[in-house]
Structure formats: structure tokens, C-alpha cells
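What follows is the residue order along each chain.
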Amino acid sequence: MTQDELKKAAALAALDYIVDDTIVGVGTGSTVNHFIDGLATIRSRIRGAVSSSEASSARLAAHGIPVFDLNGIDRIPVYVDGADEIDGRFCMIKGGGGALTREKIVAAVADRFVCICDASKRVDTLGRFPLPVEVIPMARAHVSRELARLGGQPRVRENFVSDNGNLIIDVHGLAITDPCALEGEINQIVGVVTNGLFASRGADVLLLAGAGGVERLARDASPDATRD
């Protein structure tokens, strides 16, 4: 199977976790695009969706799926999104598409975070994928200096502005052995909106697509994993 076929397999497996007659949290990215297309086939079962990006909102709307403002929603039973990297503790690096802040907000409201990705995204130690950090534009230089002091190699993402009007600094060269601690430390830098470490609020379920099918792993019951 190609990588895109693996992404699609993981995305469609997430449909099994959708709760009928509720609003679904929807992330951003190429794997999530497959999920949105799959969600369209069962749109009569759901009330609609809350989206983490303008791009996902447009794709949902094109399929006739109502998109709600999160400010009017008390809770979301399920949030489905991908990851750029995920470790054995279900901590993730996200934000390759630049939607990390909105993704983190939607994840915070969700009862269950279902992560969909292909097996190449599973790692022992986070950091091979550059860590995105969303930054207020006037703080770019200050934040870059602080990130360099943490041992990273910060690079401003060229020709990119987030949906929130901010810059993204991608931090290369990190080996993240304590994701929760680093997530908090970076978020304390003045000028940082948030960073792409999803550790204090990691995934609850991982749908990992590989050559043998989709492996279903739960953070609190990984020994009971099943494979489609």
C-alpha cells in the first residue's frame, strides 16, 4: 500500500468512533482530509462538526456538513486528527500544517482524542520532525533566541501565516525525552501562542495503519490492541 492508502485506511477506521447525533471535532491535514471525505458518507448520523482550520472547514462545508463555532459548544465526544510524530506514551508533535493552536483548543474540549496516522509516524523519541511553535510576529526574534537556548535550531517557516495571523517557527534538532516538561517550558516564553507538543493532552486512541492493516491502540489499554 502507498502512504496515501495507509492514511486513508486509518482515517476511515476512525468512523467507528463517531457518536451519533453529536458534533464531531475535526483536525487538519492530508490524513484528516480522508476522514472528512469518509464522514460525508455518514453525515446524516451527526449534527455537524467543529474544525481546527479554515481548510478543513471549507472541505466539510463542501460536503454539506454543518460547521459550528466552538464557542457555542459545551463538549465534543470525539476529536479526530493526525500527527506528525507520536511516541509510545501517545504524546505527539503536531502542526506541520500550521493549525496547532486551533487543534490544541479543540482537543482540550474533546472527551476522546482519536489519532489517525500511518506507521511511519510512530517514533521512540519525539523530535526528528521539527517542532512547530506559533509566535506573535513582533516576538519572532526574542522567541527564536529562547528556543536556541533550549538546544534547538529555530527557523521561521517561510511564506506562511497561520489562520490566527501569526508566524510559525520550526525547531530542528531536538530529542524530546520529557515532552510534558518541554511543552510547558516553551509555552512560558513570552510571545509564544503555543507549541506543537501534545503531551499534557495527548491522544487517547491511536489508529496506526501499516502493511498488516490498522492497529487500534488505546492509551490506557495498549496490551489489548486489535488489528483490522
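Reading the values: the criteria
- Residues numbered from 1 in each chain as written.
- Predicted model: local features only at pLDDT ≥ 70, side-chain atom pairs only at ≥ 80, totals over all residues.
- Heavy atoms only, no water.
- Axes fitted to C-alpha atoms, helices over the stretch in contact; angles between N-to-C directions.
- Helix = DSSP H or I, 4+ residues; strand = E, 2+ residues; numbered from the N terminus.
- Parallel < 35°, antiparallel > 145°, perpendicular 65-115°, else oblique.
- Left-handed = near helix turned anticlockwise from the far one by under 90°.
- Contact = heavy atoms within 4.5 Å.
- Nonpolar A, V, L, I, M, F, W, Y, C, P; charged D, E, K, R; others polar.
- Pairing = 2+ DSSP bridges.
- Patch = residues over 30% accessible without salt bridge, like charges linked within 9 Å, V, L, I, M, F, W, Y side chains within 5 Å.
- Areas by Shrake-Rupley, 256 points an atom, 1.4 Å probe, with all protein chains shown as cover.
- Salt bridge = Lys/Arg side-chain N within 4 Å of Asp/Glu carboxyl O.

**Some remarks on the packing of helix H2 (residues 30–40) against helix H3 (residues 54–62)**
Moving on, step 1. Running from N to C, H2 and H3 cross one another at 25 degrees; their axes reach a closest spacing of 9 Å. Our classification of the angle between H2 and H3 gives roughly parallel. Judged by the sense of rotation from one axis to the other, the crossing of H2 with H3 is right-handed. Across from Val32, Asn33, Ile36, Asp37 and Leu39 in H2, the residues of H3 making contact are Ser56, Arg59 and Leu60.
Moving on, step 2. Taken together, the residues of the contact of H2 with H3 break down into four nonpolar, two polar and two charged.

**Considerations on the sheet that holds strand S5 (residues 92–93)**
Backbone-to-backbone hydrogen bonds join strands into a sheet, with any given pair of strands oriented parallel or antiparallel.
Moving on, step 1. Strand order in this open sheet of three strands is S4-S5-S11, and the pairing throughout is antiparallel. Edge positions in the sheet fall to strand S4 (85–86) and strand S11 (197–198), since each of these pairs with one other strand and no more.
Moving on, step 2. One ladder, built from two bridges, connects S4 with S5; its direction is antiparallel. What sits directly across from Glu85, in S5, is Ile93.

**Focus on the packing of helix H1 (residues 3–13) against H2**
Moving on, step 1. Across the interface, H1 lies against H2 with an axial gap of 8 Å and an inter-helix angle of 50 degrees. The angle between H1 and H2 places the two elements in the oblique class. For H1 against H2, the interelement crossing comes out right-handed. Contacts between H1 and H2 involve Asp4, Lys7, Lys8, Ala11 and Leu12 from the former and Ser30, Thr31, His34, Phe35 and Gly38 from the latter.

**Considerations on a nonpolar patch on the surface**
Moving on, step 1. Where nonpolar side chains cluster on the molecular surface, the patch consists of Ile136, Met138 and Val193 and spans about 310 Å² of accessible area.
Moving on, step 2. By the secondary structure assignment, Ile136 is in the loop between strand S7 (131–135) and helix H5 (140–149).

**Some details on the sheet that holds strand S10 (residues 192–195)**
Moving on, step 1. Strand order in the open sheet formed by four strands is S8-S9-S7-S10, and the pairing between neighbours is antiparallel. Looking at strand neighbours, the two that pair on one side only are strand S8 (153–156) and S10, the edges of this open sheet. For this sheet, the mean angle separating the axes of adjacent strands, direction not counted, is 25 degrees.
Moving on, step 2. Alignment of S7 against S10, held across three bridges, turns out to be antiparallel. Its bridge partner being in S10, Glu134 is matched across the sheet by Thr194.
Moving on, step 3. Seen against the sheet, helix H4 (residues 100–109) touches S7, strand S9 (167–172) and S10 and runs at an angle of roughly 70 degrees to S10.
Moving on, step 4. Its contacts with the sheet put H5 on S7, S8, S9 and S10, and the angle it makes with S9 is roughly 15 degrees.

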